Amino acid sequence: MIDFKITRDPQTGEEIWAVPLRGPLLLNHPLFNKGTAFPEQERRELGLLGLLPPHVDTLEIQVERAYEAFRSKPTDLERHIYLRALQDENEVLFYRLIQDYIEETMPVVYTPTVGEACQLFSHIYRHPRGLFVAYPEREHIDELLANTPQRHVDVIVVTDGERILGLGDQGAGGMGIPIGKLALYTLCGGIHPARTLPVLLDVGTDNPDLLNDPLYMGWRHPRVRGAEYDAFVERFVQAVMRRYPNLLLQWEDFAQAHAGPLLERYRDRLCTFNDDIQGTAAVATGTVLAAVEAVGTRLRDQVVAVFGAGSAGCGIAEQLCAAMVGEGLSETEARSRFFLIDRTGLLREGFSGLPPFQRAFVQPSSALASWRLDRPDHIGLADVVSHAKPTILIGVSGVAGAFTETIVKTMADLTPRPIILPLSNPTSRCEALPAQILAWTEGRALVATGSPFADVVWSGRRFPVSQCNNSYVFPGLGLGILAVGARRVTQGMFMAAARALADTSPAPTLPDAPLLPPLTASRSVSHCIALAVAKEAIAAGVAAPASDTEVERLVHERMWTPAYARLTGC
Ligand SMILES: NC(=O)C1=CN([C@@H]2O[C@H](COP(=O)(O)OP(=O)(O)OC[C@H]3O[C@@H](n4cnc5c(N)ncnc54)[C@H](O)[C@@H]3O)[C@@H](O)[C@H]2O)C=CC1
Ligand SMILES: CC(=O)C(=O)O
Ligand SMILES: [Mg+2]
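Named according to an unreviewed UniProt entry, the protein is NAD-dependent malic enzyme originating from Methylococcus capsulatus. Taken from UniProt, the Sequence similarities (unreviewed entry) comment for the protein reads in full: "Belongs to the malic enzymes family." Per UniProt, the protein carries the Cofactor (unreviewed entry) text "Mn(2+)".

Here's what the structure looks like:
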């Protein structure tokens, strides 16, 4: 662990970091390294003379050079490898580059390319980043945490790699996801990169390809499950709480069997949330609120079909349902407007063995009595679309192509402005391509996707396609929580985040505008969400009281900007 002291120049206010490293060790530290931008004075004082070419670059020139190198790579995977290497070499330059070129770089740092990077993790591995907590080390988790380079950590994103995007079990390769998510915490939410820690809980893998791969770097063992798994996670959480009592812990890409139960177990014990359940629900709710306003209707009048009744699907349905109740429907009325379809078809009365989070959305038999069905034992999406006449269709199944031409055209025949959100990631798992949806609906659909897509041109009209991804929410949510030191993450914060996001949408005021602001606005969107979340935390009594002006100051001060600080020895 390397400790350094931050002071400010009393005249200019510039940050001065007193660092305990010199020479090659300093150049090898990604947080302190400025590469060719080390000024003359620092080169002299910190033992760098001769170790760098003599010319002193500005950060802007370094960005230009790095961008040239990024562009020269032949594939997105190569570009991902390049950016990861840059992140491990010089974090200020990495963040400034991805901030300046966010539309080009975010899909490479994050979905879709991060999916491929997880699948090939053991083949493209270059440099350590993050903490691997492997099951055989379960007695020593405190020691593992003490080995990390950071003394202070504000945010951990943790996965066990079992449900990486829609790609299934990636074992230790799942580490790519916490690394990518935390990069977005910094890029979009301004969380200081030195205060983030990606964690992979390595409980083995059931992916035979990984177990048979001689290069696989994870623990070669079938997944530990049941009581042993729970006890291991409990040890991890306790160790984290001992070392970082004020930390925000984000659960990411756990399989359905663990995602909900872990959230229930820990949500009242520390400041924690599950991004796939709650972050996704907030971004989907914000997007839907913007869409219904754009078409001049109310949320309470919608009928919602959700394809894939898992962590994300049920989380989204719960939050949309709560928002409908907020618009005056009773809970029973609101729930009757949701049709959730999973592998066994529509969730409905009479299904036995459903987990409680799905049971909350079963449709009563009476509601389906008039439906004419080819296979009454399996009510599929096509049946739901033609009988329930949904106005909103959301895909979180990981099943590519599930929104077929027939399904989308039927929906469009029954509703003038269908809202269609194929949210599965990465791109290869998307339920329908935006170009298909817009062609099948003759430009009437409002579309947003989980992974990024280029604008669609249909019949001479240009339709920008928003990325409805939890990355719009968690950076701002985290920023708001950290700014006011919230002790818990409440449901109210996700509603506040959703409404703040909807308020930033250009769609209600501009025809054919995207449902969400462009990625270039990510920092300002996160700022708006952070303010709303921080105020909600105070209102809910999980953060100390502060005036709105004070909250604005706290949020502003928390937002780190990639720029070099002045370095001195110590
Ligand atoms: N856009 C975004 O921000 C987010 C997108 N996602 C994506 O959503 C997908 C699902 O994620 P989770 O809900 O966490 O996974 P999950 O495994 O909890 O849920 C997926 C559900 O889809 C169901 N399913 C699979 N095949 C099906 C079929 N043929 N017909 C009907 N249902 C089927 C599964 O049984 C399961 O219940 C993933 O692709 C993930 O990348 C997840 C979180 C955020
Ligand atoms: C975006 C995200 O969290 C997922 O696809 O799992
Ligand atoms: Mg996820």
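Describing the overall build of the protein
If you tally the helices and strands in the protein, you get 25 helices and 17 strands. Computed over the C-alpha atoms, the radius of gyration of the protein is 24 Å, within 12% of the 25 Å expected from 2.2 N^0.38 for a compact globule of 570 residues. A burial count over the protein gives 58% of its 570 residues as buried. Of the contacts made within the protein by residues no fewer than 6 positions apart, 70% connect residues no fewer than 24 positions apart. A total accessible area of about 23,000 Å² is found for the protein, and carbon and sulfur atoms account for 52% of it.

Side note on the coordination of the magnesium ion (ligand 3)
Looking at the magnesium ion (ligand 3), one finds its protein donor set to be Glu252 (OE), Asp253 (OD) and Asp276 (OD), positioned 2.0 to 2.1 Å from the metal centre. Aspartate 253 gets classed as buried once you look at its relative accessible area, which sits at 2%. We classify aspartate 276 as buried; its relative accessible area is 7%.

Side note on the domain arrangement of the protein
Domain assignment breaks the protein into domain 1 (110-269), domain 2 (278-471) and domain 3 (474-558). For domain 1 versus domain 3, the distance between C-alpha centres works out to 26 Å. In this assembly, 17 residues from domain 1 lie in contact with 13 residues from domain 3. Summing the contributions of domain 1 and of domain 3, the shared interface buries around 1,300 Å²; its carbon and sulfur component is 60%. By the criterion of area lost to domain 3, the three top residues of domain 1 are Cys188, Leu248 and Arg267, representing 36% of everything that side buries. Across the domain 1-domain 3 interface, the total number found is one salt bridge. Among the ionic pairs, arginine 558 bridges to aspartate 154, the shortest N-O distance being 3.0 Å. The interface formed by domain 1 and domain 3 holds four residue pairs in polar contact (both at pLDDT 80 or more) in total. Those elements that provide at least two residues to the side of domain 1 that touches domain 3 are helix H10 (176-189) and strand E6 (248-251). Of all the elements, H10 adds the most residues to the side of domain 1 that touches domain 3, at seven residues. Split into classes, the residues belonging to the side of domain 1 that touches domain 3 amount to eight nonpolar, four polar and five charged.

A few points about the site of ligand 2
Surrounding ligand 2, one finds Tyr110, Arg163, Leu165, Lys181, Glu252, Asp253, Asp276, Asn425, Asn469 and Asn470. Between ligand 2 and arginine 163, the relevant distance is 3.0 Å, taken from an oxygen atom to a side-chain nitrogen or oxygen of the residue. With respect to ligand 2, the side chain of aspartate 276 contributes an N or O atom lying 3.0 Å from an oxygen atom. Across the complex, the protein chains shield 90% of the 220 Å² of accessible surface that ligand 2 would expose by itself. Looking at the shell around ligand 2 residue by residue, the classes come out as two nonpolar, three polar and five charged. Inspection of the shell around ligand 2 shows a minimum of three residues originating in each of domain 1 (110-269) and domain 2 (278-471).

With respect to the state of the cysteines
Under the definition given, this model contains zero disulfides. Looking at the unpaired cysteine 321, the closest cysteine sulfur is the one in cysteine 314, lying at 11 Å. Look at cysteine 321 and you get buried, because its relative accessible area is 2%. Here cysteine 468 is not disulfide-linked; the sulfur of cysteine 430 is the nearest cysteine sulfur, at 11 Å.

Some points on the sheet that holds strand E10 (residues 345-346)
Ordered in space as E10-E9-E8-E11-E12-E13-E16, the seven strands form an open sheet in which the pairing is mixed. Of all the strands in the sheet, the pair left with one neighbour each is E10 and strand E16 (466-467). Here helix H15 (residues 311-326) sits on the sheet and contacts strand E8 (304-307), strand E9 (338-342) and strand E11 (392-395); the angle it forms with E9, its principal contact strand, is near 180°. Contacting E8, E9, E10 and E11, helix H19 (residues 381-388) crosses the sheet at an angle of about 165° to E9.

Observations concerning the packing of aromatic side chains
This structure, assessed with the given rule, holds 18 aromatic pairs. Both rings, one in phenylalanine 94 and one in tyrosine 95, keep their centres 4.7 Å apart while their planes meet at 75°; by these two values the pair is edge-to-face. When sorted by exposure, phenylalanine 94 lands in the same class as tyrosine 95, which is buried. Here phenylalanine 307 and phenylalanine 403 contribute two aromatic rings whose centre-to-centre distance is 6.4 Å and whose plane-to-plane angle is 65°, an arrangement assigned as edge-to-face.

Some remarks on the UniProt feature "domain: Malic enzyme NAD-binding" (unreviewed entry) in the protein
This chain's UniProt record puts "domain: Malic enzyme NAD-binding" (unreviewed entry) on residues 277-538. Annotation note: span residues 277-538, helix share 43%, strand share 12%, distance between end C-alpha atoms 23 Å.

Some remarks on the pattern of salt bridges
Under the criterion given, the structure shown has 38 salt bridges. With its nearest N and O atoms 3.2 Å apart, the salt bridge here joins glutamate 252 to lysine 181. On the criterion of sequence distance, the pair formed by glutamate 252 in the loop between E6 and helix H13 (256-266) and lysine 181 in helix H10 is long-range, its members being 71 residues apart. Here glutamate 252 matches lysine 181 in class, with each residue buried.

Reading the values: the criteria
- What you see as residue numbers is a count from 1 along each chain, following the sequence as written.
- Here the convention is simple: chains get letters from A, ligands get numbers from 1, in the order in which they are written.
- Per-residue local features are limited, in this predicted model, to residues with pLDDT of at least 70; the limit for side-chain atom pairs, both in listing and counting, is 80 or more; totals at the level of whole chains, interfaces and linings are taken over all residues.
- To get the side-chain values, all heavy atoms of the structure are used, and hydrogens and water are removed first.
- UniProt positions are given in the numbering used here, feature names are shortened, and annotations may be inferred rather than shown by experiment.
- We count a stretch as a helix when DSSP gives it H or I for four or more residues in a row; a strand needs E for two or more, and each element gets its number in order from the N terminus.
- In this setup the radius of gyration rests on C-alpha atoms only. A globule is expected at 2.2 Å times the number of residues raised to 0.38.
- Type-normalised accessible area, obtained with a 1.4 Å probe on protein chains alone, sets the label of each residue: buried when under 20%, exposed when over 50%, and partly exposed for intermediate values.
- Two residues qualify as a contact provided that any one of their heavy atoms is within 4.5 Å of a heavy atom in the partner residue.
- Residue-level accessible areas treat just the shown protein chains as cover; the underlying method is Shrake-Rupley with a 1.4 Å probe.
- Keep in mind that water is not among the atoms, so a site may look incomplete; donors are the N, O and S atoms within 2.8 Å of the metal, or 3.2 Å for Na, K and Ca.
- Where a domain begins and ends is set by an automatic assignment or by a domain database.
- By buried area we mean how much accessible surface two parts lose on assembly, using a 1.4 Å probe and totalling the loss over both.
- For this document, the term salt bridge refers to a Lys or Arg side-chain nitrogen within 4 Å of an Asp or Glu carboxyl oxygen.
- Counting of polar contacts relies on pairs of N or O atoms within 3.5 Å, with two restrictions inside protein: one atom must be capable of donating a hydrogen and the other of accepting it, and residues adjacent in sequence are counted only when both atoms are side-chain atoms.
- All amino acids are sorted into three groups, where Ala, Val, Leu, Ile, Met, Phe, Trp, Tyr, Cys and Pro are nonpolar, Asp, Glu, Lys and Arg are charged, and the leftover types, Gly among them, are polar.
- One heavy atom within 4 Å of a molecule or strand makes the whole residue count as near it.
- Throughout, disulfides are identified as pairs of cysteine sulfur atoms within 2.5 Å of each other.
- Strand pairing requires that DSSP identify at least two bridges connecting the strands.
- To obtain each axis, a line is fitted to C-alpha atoms, and for helices this fit is confined to the stretch in contact; angles are then taken between N-to-C directions over 0 to 180 degrees.
- Here is the rule: rings of Phe, Tyr and Trp (six-membered ring for Trp) pair when centre to centre is within 6.5 Å. Planes less than 30 degrees apart are stacked, more than 60 are edge-to-face, and the remainder are tilted.

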